[in-house]
Amino acid sequence: MTMTVHVDIVSAEKEIFSGLAEMIFAPAEMGELGISPRHAPLITKLNPGEVRVKVSESESYPFYISGGLLEVQPHLVTILADTAVRAADIDEAAVLEAKVKAEEALSDSSGKIDYATAQSQLQQAVMQLRTLDRLRKRGG
Amino acid sequence: MAVGKEIRTKIASIKNTQKITRAMEMVAASKMRKTKDRMQATRPYSVKIGQIIKHLAQANPEYKHTFLVPREVKRVGVIVVSSDRGLCGGLNSNLFRKTLAELMQWENTNVEVDICTIGSKAFGFFGNLKVNLVGQVSKLGDAPHLHDIVGIIKIMLDAYEVGTIDQLYVVSNEFVNTMTQRPTIEQLLPVVAHELDENLSGHWDYIYEPDAKEVLDHLLTRFIESKVYQGLVENNACEQAARMVAMKSASDNAGNLIGELQLIYNKARQAAITQEISEIVAGAAAV
């Protein structure tokens, strides 16, 4: 029997996958990673892209994530997936907004779309498309 | 017949109030189901990230992140999570009382406090007090988004990083069950792990990609955010549950009041009729 490792994939909204797998492929920031059972402890950030969980030789499940974190323990792999669009600039804008709100207690927020948001949305859309494309090829 | 006009109008007005409280009770009941689902849906994430933090606390990293290192406490930050609307029993006032007790304790030990509020009730309460309010968000609705609260969390995290505050707490209501909501105060920074996993003892450390600082920054920020967010959605579920209970007892009270008034009204009416008859009889006898 082949070795397996327990995999949990969760997003802020729900649990996406939980079960045993032979291997996990994830789009880490430094390049694509393949995690086998008994991998050394590792933490890394993930880029938007496809996470593939290989359950057996013939069966594997793909998931699209828009970034997140990957933690590896020898017998446990956890993927914390982000769903919201995030960028450093957005955080800063949110800070300013909260401060202004505290000072003036005005509930008026202007819906500006800045460049960074648009860019990260675009990147996500591209990765989503790529994942879909791969799925289609595999299916067809 | 002009008997008991005041009582009749009073009964009518209480009936109207009862209609409103009953409607609010039913709305709160259906919203509670939704907010409870939302609370449960976010739970796996916060459990998992908590687990990773626990592992991390047992690793022996070369790089010590500021969020993990305790230091002498001169100033603390508090994030108070409240509801946006009232009419939910003692939910908010219990929470504020607990917060005030903590504030008193800090004041006695000469620790200064910065406060951030989530929800208009907390803003209304702490805005009137002589406290240092550094940020607030409100009107988040029943389905709050994480990015709504990122701003005030970042205010606190930045303050911690530059050393303005030395500890960060979050105060919110814990959903025990529909009848019980418990105000709780939890320390977020520096991060403390409560129970340790025995399988992970020994000297080891993670491989960090790209590097420890960047990954830990990201992870710990997410952890704090998920904690506050969890507090927020849990507080929402508490609000609906508390409102449902409060409105149910208000409807019941209105029902009792109507019953009593109805009795008084009937008695008055009966008395008036009896009096009228006796007057007529007396009049007939006189003729």
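As the structure is a prediction and not an experimental result, all values here were calculated from the model.

Asks: With reference to specific residues and values, describe unusual backbone geometry.
Replies: For the peptide bond that leads from B:Leu189 to B:Pro190, omega is -10 degrees, which places it in the cis range. Structurally, B:Pro190 can be placed in the loop between strand 5 (181–189) and strand 6 (207–209). With an omega dihedral of 0 degrees, the bond running from B:Glu209 to B:Pro210 counts as a cis peptide bond. Along the chain, the position of B:Pro210 falls in the loop between strand 6 and helix 5 (212–286). The backbone of A:Arg38 sits at a positive phi, close to 65 degrees, despite the residue not being glycine. The backbone of B:Asn110 shows a phi angle near 60 degrees, a positive value even though the residue is not glycine.

Asks: Got a sec to walk through the interface of chain A and chain B? Specific residues and values, please.
Replies: If you look at the interface, chain A gives 36 residues, while chain B gives 35 residues. Taken together, both faces of the contact between chain A and chain B bury some 3200 Å²; the carbon and sulfur share is 67%. The closest approach of N and O atoms between A:Asp8 and B:Lys48, which form a salt bridge, is 2.7 Å. On inspection of chain A and its partner chain B, the count reaches nine residue pairs in polar contact (both at pLDDT 80 or more).

Asks: How would you sum up helix 2 (residues 91–108) of chain B? Please name residues and give values.
Replies: Each α-helix winds once per 3.6 residues, and so residues spaced three or four apart point in a common direction. Residue and element names in this part refer to chain B. For helix 2, spanning 18 residues, the distance from its first C-alpha to its last is 26 Å, which sits close to the expected 26 Å at 1.5 Å a residue. Leu91, Asn92, Leu95, Phe96, Thr99, Leu103 and Trp106 are the residues of helix 2 that are buried. For helix 2, the angular spread of buried residues about the axis comes to 105 degrees, placing them on one side. Away from the buried face of helix 2 by more than 90 degrees, exposed residues Arg97, Met104, Gln105 and Asn108 are located. Elements that come into contact with the buried residues of helix 2 comprise strand 1 (75–81), strand 2 (112–118), helix 3 (120–127), strand 4 (167–175), strand 5 and helix 5. Positioned one or two residues after helix 2, asparagine 110 has a phi angle of 60 degrees, which is positive.

Each value, and the rule that gives it
- Residues numbered from 1 in each chain as written.
- Chains lettered and ligands numbered in written order.
- Predicted model: local features only at pLDDT ≥ 70, side-chain atom pairs only at ≥ 80, totals over all residues.
- Heavy atoms only, no water.
- Helix = DSSP H or I, 4+ residues; strand = E, 2+ residues; numbered from the N terminus.
- Contact = heavy atoms within 4.5 Å.
- Buried area = accessible area lost by both parts, 1.4 Å probe.
- Salt bridge = Lys/Arg side-chain N within 4 Å of Asp/Glu carboxyl O.
- Polar contact = N/O pair within 3.5 Å; in protein donor to acceptor, adjacent residues only side chain to side chain.
- Expected span 1.5 Å × (residues − 1).
- Buried < 20%, exposed > 50% of the residue type's maximum accessible area, 1.4 Å probe, protein only.
- Arc of directions from axis to C-beta.

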